[in-house]
Number of protein chains: 2
Amino acid sequence: MELISQQEVFDGWLRRYQHHSDATATDMVFAVFLPPQVAAARVPVLYWLSGLTCTDENFCQKAGAFRLAAKLGLAIVCPDTSPRGLDLPDEHESYDLGSGAGFYVNATEQPWADHYRMYEYVVEELPALLEAALPVTADKGIAGHSMGGHGALVAALRNPGLYNSVSAFAPICHPTQCPWGRKAFTAYLGPDESQWEQYDATLLVAKAEEPLPILIDQGSKDDFLAEQLKPELFKQACEQAGHPLTLRMHPGYDHSYYFIATFIDDHLRHHAEALGLKV
Amino acid sequence: MELISQQEVFDGWLRRYQHHSDATATDMVFAVFLPPQVAAARVPVLYWLSGLTCTDENFCQKAGAFRLAAKLGLAIVCPDTSPRGLDLPDEHESYDLGSGAGFYVNATEQPWADHYRMYEYVVEELPALLEAALPVTADKGIAGHSMGGHGALVAALRNPGLYNSVSAFAPICHPTQCPWGRKAFTAYLGPDESQWEQYDATLLVAKAEEPLPILIDQGSKDDFLAEQLKPELFKQACEQAGHPLTLRMHPGYDHSYYFIATFIDDHLRHHAEALGLKV
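Residues numbered from 1 in each chain as written. Chains lettered and ligands numbered in written order. Predicted model: local features only at pLDDT ≥ 70, side-chain atom pairs only at ≥ 80, totals over all residues. Heavy atoms only, no water.

Naming follows an unreviewed UniProt entry, where chain A appears as S-formylglutathione hydrolase of Ferrimonas marina. Word for word, the UniProt comment on chain A under Sequence similarities (unreviewed entry) is "Belongs to the esterase D family." If you open the UniProt record of chain A and go to Catalytic activity (unreviewed entry), you find "S-formylglutathione + H2O = formate + glutathione + H(+)". (UniProt positions renumbered as here; feature names shortened; annotations may be inferred.)

A. Quick peek at the interface of chain B and chain A. Each partner contributes residues to the interface: chain B has 20 residues there, and chain A has 20 residues. Summing both partners gives a buried area of about 1900 Å² for chain B against chain A, and 50% of it is carried by carbon and sulfur. Of all residues in chain B, E8(B), Q61(B) and Y258(B) bury the most surface against chain A, accounting for 36% of the area lost on that side. Our count for the contact surface shared by chain B and chain A stands at zero salt bridges. Scanning the region where chain B abuts chain A turns up twelve residue pairs in polar contact (both at pLDDT 80 or more). Only β1 (2-9), α1 (57-62), α2 (66-72) and α9 (257-274) of chain B provide two or more residues apiece to the side of chain B that touches chain A. Among the elements that take part in the side of chain B that touches chain A, α9(B) stands out by supplying four residues, more than any other. Taken together, the residues that form the side of chain B that touches chain A break down as nine nonpolar, five polar and six charged. (Contact = heavy atoms within 4.5 Å. Buried area = accessible area lost by both parts, 1.4 Å probe. Salt bridge = Lys/Arg side-chain N within 4 Å of Asp/Glu carboxyl O. Polar contact = N/O pair within 3.5 Å; in protein donor to acceptor, adjacent residues only side chain to side chain. Helix = DSSP H or I, 4+ residues; strand = E, 2+ residues; numbered from the N terminus. Nonpolar A, V, L, I, M, F, W, Y, C, P; charged D, E, K, R; others polar.)

B. View of the relation of the copies chain B and chain A. Superposing chain B onto chain A requires a rotation of 180° together with a translation of 0.0 Å along the rotation axis, leaving an RMSD of 0.0 Å. The relationship between the two copies is best expressed as a two-fold rotation axis. Most of the interface of chain B is mirrored in chain A: 100% of its interface residues are interface residues there too. (Least-squares fit on C-alpha atoms with pLDDT ≥ 70 in both.)

C. Quick look at the sheet that holds strand β3 (residues 26-34) of chain A. Residues and elements named next belong to chain A. Ordered by their spatial adjacency, nine strands build an open sheet running β1-β2-β3-β5-β4-β6-β7-β8-β9, and the pairing between neighbours is mixed. At either end of the open sheet lies a strand with only one pairing partner, and these are β1 (2-9) and β9 (245-250). Adjacent strand axes in the sheet meet at a mean angle of 20° when their direction is disregarded. Looking at chain direction, strand β4 (residues 43-49) and strand β5 (residues 75-79) are connected through three bridges and run parallel. Across the sheet, residue V45 finds its bridge partner in β5, namely A75. Here helix α8 (residues 231-241) sits on the sheet and contacts β8 (214-219) and β9; the angle it forms with β9, its principal contact strand, is near 155°. (Pairing = 2+ DSSP bridges. Axes fitted to C-alpha atoms, helices over the stretch in contact; angles between N-to-C directions.)

Set out below in structure tokens:
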């Protein structure tokens, strides 16, 4: 891992690293906030998965999360949202497919299959790398926004015991049934829709092996709510499965980082509590 | 004033407005955060002046200020850093002159003199406009970063009684004696350096008529500290003039918005107290 930059913030450190990824067969950049407590001990980690068009930087700059994370003693890792530095056919043509839109799946279709393996990168490779190289424990939570909220829910539901906690802002709850998800899954996973189910939180929750409580915040003025996000279908599925879900609808709030900033502290406390930190 | 957008944040509202400015003879865009308290009463305003290359948006997205401002009941207004939409000779050639670099002066030299009048815009025109059109009182504080810190100090020192409070992050303290300032003042104000003094906080503080306490935060790892910012010279001038200054040096911090985010709450409380808000 090569350290690209380090900046002090709230008496902790925001670092950006570049490293070769075996999962994506490219170099990858990620950001990590290390709270001041790392001077004395290893700290647990919250993985934050960002949404369409984002890089590792959006959350760091806009979420206002480091103030409370520094107080709690919580590291936050922000991966990128796709491989970079490639030039695959149509990779940079649209905001919802290819670069900036990895959808946290392992692609099986060409031209994506050799590189667009963000599920493996986020769930397996990156934690192993960080736990070996940085002062963090193996205790972790996962959260995300929009496409990243989908990624967080899927990662947690598919890996019982791996995460202590999960939450999401305005997640794409049922990607097999919305335009963003159907476009991405068709390209990355092919036309056989049975292959899509492993990446759909609303389908996965029915067979979840672990009742990990899920916190979701959703703005009522979110332009993508009805067509792309569909939290009401996820809520139904959770109710049918008896899976614990707290879905909070917020009148007036949209899909932006101003919405995230408003409620991020609640999510940090949700994760910190499950990670055994003093809240 | 034309409302461009409104977003809910921390139960308050972030609005962007466009309006014709008489000072700059152009259209101008500004952002204003209105805290939830405006539903019941008018609130005081903090004017935030941004640094080189910024627009009205940088502070809103990156400073993490709205959480506490919403609690305090403080509006925050973020003007742009120069006129826009012009195409004057060399206006867009360099980051430290012309667009994004108005330096909060009233230019007297061509090609700038008809438009680059950001001092008048920020000190006179914008407050009059807002106090007539928005639910704000005439009580105001002023703060800023880098070029905007210079602007805030100059506005407060030149206008006794106008502002209840002033503060700055990493301000350009002595622009007549640093490369950024000398380049800008030569272009905007001409070669007669006696005309520059009215925009130099270190020179103005000697004749300040009002002992308004100044709060300045400065990172020790700021790349611009020695060559461009020179807080130690401002500190000397304040000591000689008996002007109250709290200059806090922060080891490890740089010039970025991560530095601002770390200490913005202290500044908001500094202003809120002077504005009679419950801190």
